[in-house]
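Below are the chains, spelled out letter by letter.
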Amino acid sequence: QVQLVESGGGLVQTGGSVRLSCVASGMIFSIYDMGWYRQAPGKQRELVAAITSGGSTNYADSVKGRFTISRDNAKNTVSLQMNSLKPEDTAVYYCNGDFQSYSRRRDYWGQGTQVTVSS
């Protein structure tokens, strides 16, 4: 029932820009903390950017100043604007939604979308 559907990945040139989008369904989107993670071959999955249900954001040091995360609760979407791309940004990017209450935890992931930055 719950789905996170991503779009926007692909092959990009160094210095270029890409916008990733994630559309959620089957969940009360506005109460979830949302994030973008990435995983490159042979490396651990890492948090790239996060935005809380209240709109607070944080970023990995490696992308600070280049990437921007945003959300539109009316459209159940979270986006990641990626500028000044570098080859080291090449990875599979995953959309994540997380909610915790006193009694339950919900954690959902998108299918992942490949971003390849060529030099």
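The notes below deal with the structure included here.

Reading guide: rules and limits
Residues numbered from 1 in each chain as written. Predicted model: local features only at pLDDT ≥ 70, side-chain atom pairs only at ≥ 80, totals over all residues. Heavy atoms only, no water. Phe/Tyr/Trp six-rings, centres within 6.5 Å; stacked < 30°, edge-to-face > 60°. Helix = DSSP H or I, 4+ residues; strand = E, 2+ residues; numbered from the N terminus. Buried < 20%, exposed > 50% of the residue type's maximum accessible area, 1.4 Å probe, protein only. Lys, Arg positive; Asp, Glu negative; His and termini not counted. Salt bridge = Lys/Arg side-chain N within 4 Å of Asp/Glu carboxyl O. Contact = heavy atoms within 4.5 Å.

This paragraph deals with the packing of aromatic side chains. Scanning the entire structure with this criterion turns up 4 aromatic pairs. Note on Tyr-32 and Phe-99: the rings are 5.6 Å apart at their centroids and 45° apart in plane angle, and the pair reads as tilted. Taken together, the residues Tyr-32 in the loop between β3 (18–25) and β4 (33–39) and Phe-99 in strand β9 (residues 91–100) connect sequence positions 67 residues apart. Note on Tyr-32: relative accessible area 6%, which makes it buried. Between Tyr-94 and Trp-109, the aromatic rings sit 6.4 Å apart at their centres with planes inclined by 85°, giving edge-to-face as the arrangement. Here Tyr-94 is found in strand β9, whereas its partner Trp-109 is found in strand β10 (residues 105–109), with 15 residues between them in sequence.

The next subject is the side chain of Arg-71. Tracing the backbone through its elements, the reader meets Arg-71 in strand β7 (residues 67–72). Buried and unpaired, Arg-71 has Asp-33 as its nearest opposite-charge partner, separated by 5.4 Å. For Arg-71, the residues in contact, after removing those within four places along its chain, are Phe-29, Ser-30, Tyr-32, Asp-33, Met-34, Ile-51, Thr-52, Ser-53, Thr-77 and Val-78.

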